[in-house]
Amino acid sequence: MPSAHHPTTILVINCGSSSIKFAVIQPQTGIELVIGQVDRLGETHPTLTWKINTKQQQLTLSRSNHTAALQKIIALIPEDLEIDAIGHRVVHGGEQFTQSVLITDDVLAGIEHCSSLAPLHNPANLAGIHAATTVFADKPQVAVFDTAFHQTLPRRAFMYAIPYEWYSQDRFRRYGFHGTSYAYVATEAAKKLSKPLGELSLIIAHLGNGCSVCAVEAGRSIDTSMGLSPLEGLVMGTRSGDVDPALHAFLATHKGWTLDRIMQALNQESGLLGLSGQSNDMRTLVSAAEQGNDRAQLAIEVFNYRLAKSIMALTTGLSQLDAIVFTGGIGENSSSTRAEVLTYLTLLQPTLDPERNAQHGTQSAGRITSDDSFPCLVIPTNEELMIARETLTLISTSTS
Ligand code: AMP
């Protein structure tokens, strides 16, 4: 429980399959006291980088597993920094978790149960929770799910047109991801647009390494592009997004590929990387295209067109549309992506303001279209702050 004499301080842990991001945040002010990450977990020499009071530090780890890395992370938190609670990002909460929860034995069993839907992610998230428990046995821990925000999807949006039993018995359906980011960005958009969230209809494009779009009405997700897994939907860094499902059979028949090989190709060798043959990073592709590289240009064109098409498709479920919002590494930093996507959205008549588009990004949220045309915005996401806020809400309600 937070004590009266110091601001509530939350340790946020985001355990990925081969990386861990962490932060120590005071959610009421948004102040980040520590921030860092471990990369290349699973390889021989993972690196731990972190920043305390703007001082950047780095360490090579000798042991390459989540628990050992988390013990190192926890050890570097200054002793005078009293942690009140720990907030964990958990990727898949299935249909069981419709909001963030205080972690109990039942919750752990539930997360374990959802592991079959996210075999690379949920076990890593559980490792993070167990490692934190060994050090902070007496502190409350909260799970914040990527999927929870999308549990408001109506069934016409979340059901696949496959035999009903695949849903009723195995829960194969659209879940959607990036929910923590959407919840944060929607709240910030309401502030920017000076309209209550409950009266707003938005389409938010979260464009990072993974990319998805979400239609948000009155603060609730009503449709989204990712599905049962984060492979569905938009073109991403290395993921194909939507393909004809029959492609799997063609690859098996014509190339003799196993299902594992096919999944690896669609998850790790496709998207911007596969189309360009060069990079999964939009920065590299934009500068290659500027120098006349046609494959880089092709990757960018397909990425932008598919994104615009998905944005327009998602308007189907909305009763009105107040704004389109860009976020994530590409959404915040790539002004050319935003500019080109807008050229496909002619039905909405957005008029890009090039000066505003160049000005806004990771450091500054703001509108990128002219005042007399359709509102398009950039809003930097902050999933760590959102997890810290959720954690604060839960520990406050559980102790009040
Ligand atoms: P995220 O997963 O949100 O950290 O986003 C990572 C992605 O953002 C990278 O793979 C890049 O494609 C993209 N990105 C970051 N900075 C820039 C930039 N200045 N211009 C274009 N794309 C960028």
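Here, the structure is the one placed above.
For clarity, every value in this text was computed on a predicted model and none was experimentally measured.

1. Details of the state of the cysteines
Under the counting rule described, the total for this entry stands at zero disulfides. Distance from the sulfur of Cys211, which forms no disulfide, to the nearest cysteine sulfur (Cys214) is 14 Å.

2. A word on the sheet that holds strand E7 (residues 101-102)
If you trace the eight strands from one edge of the open sheet to the other, you get E5-E4-E3-E2-E1-E6-E8-E7, paired in mixed fashion. If you trace the sheet from one side to the other, it starts and ends with strand E5 (55-60) and E7, each paired once. The pairing of strand E4 (residues 47-52) with E5 spans six bridges and is antiparallel. The partner of Trp50 across the bridge, within E5, is Gln57. Against the sheet, helix H1 (residues 66-76) contacts strand E1 (10-15), strand E2 (20-26), strand E3 (31-39), E4 and E5, and its axis sits at roughly 30° relative to E2. Running at roughly 170° to strand E6 (residues 85-90), helix H3 (residues 122-135) makes contact with E1, E6 and strand E8 (141-145) of the sheet.

3. Considerations on the nonpolar core
Ranked by internal contacts, the top residues of the largest apolar core, which has 41 residues, are Leu207, Phe303, Leu307 and Ile324. Elements with a minimum of two residues in this core: strand E9 (201-207), strand E10 (211-217), helix H10 (282-290), helix H11 (294-314), strand E12 (323-327), helix H13 (335-344) and strand E14 (376-378). It is H11 that contributes the most residues to this core, eight residues altogether. For Phe303, the contacting residues outside a window of four places in its chain are Leu207, Cys211, Val235, Leu272, Met282, Ile330 and Thr337. Core analysis: the second largest hydrophobic core is formed by 30 residues, Ala23, Tyr182, Ala186 and Cys214 among them.

4. Concerning the pattern of salt bridges
All told, the structure shown has eleven salt bridges when counted by the stated rule. The salt bridge involving Glu269 is made with Arg261; its shortest N-O contact spans 3.1 Å. Given a relative accessible area of 31%, Glu269 falls into the partly exposed group. Its relative accessible area of 28% is what places Arg261 among the partly exposed residues. For Arg356, the salt bridge identified is with Asp353, shortest N-O distance 3.6 Å. Given the relative accessible area of 21%, Arg356 is considered partly exposed. Residue class for Asp353 comes out partly exposed when judged on its relative accessible area of 21%. Taken together, the shared-partner salt bridges in this structure form one network comprising Glu95, Arg171 and Arg173.

The rules behind the values
All residue numbers here refer to positions counted from 1 along the written sequence of the relevant chain. At least 70 in pLDDT is required for a residue's local features to be given in this predicted model, at least 80 for side-chain atom pairs to be given and counted, and no such filter applies to totals for whole chains, interfaces and linings, which use all residues. To get the side-chain values, take all heavy atoms of the structure and skip hydrogens and water. The criterion for a disulfide is a pair of cysteine sulfur atoms lying within 2.5 Å. In this description, strands pair whenever DSSP reports at least two bridges between them. Per the convention used, a helix needs a DSSP run of H or I reaching at least four residues, while a strand needs a run of E reaching at least two, with both numbered from the N terminus. The contact definition used throughout considers only heavy atoms, calling two residues in contact when any of these lie within 4.5 Å. Only C-alpha atoms enter the line fits that serve as axes; for helices the fit covers just the stretch in contact. Angles between N-to-C directions range over 0 to 180 degrees. To define a nonpolar core, start from buried Ala, Val, Leu, Ile, Met, Phe, Trp, Tyr and Cys residues and group those joined through side-chain atoms within 4.5 Å. Throughout this description, buried means an accessible area under 20% of the type-specific maximum (1.4 Å probe, protein chains only), exposed means over 50%, and partly exposed covers the range between. Salt bridge criterion: a side-chain nitrogen from Lys or Arg within 4 Å of a carboxyl oxygen from Asp or Glu.

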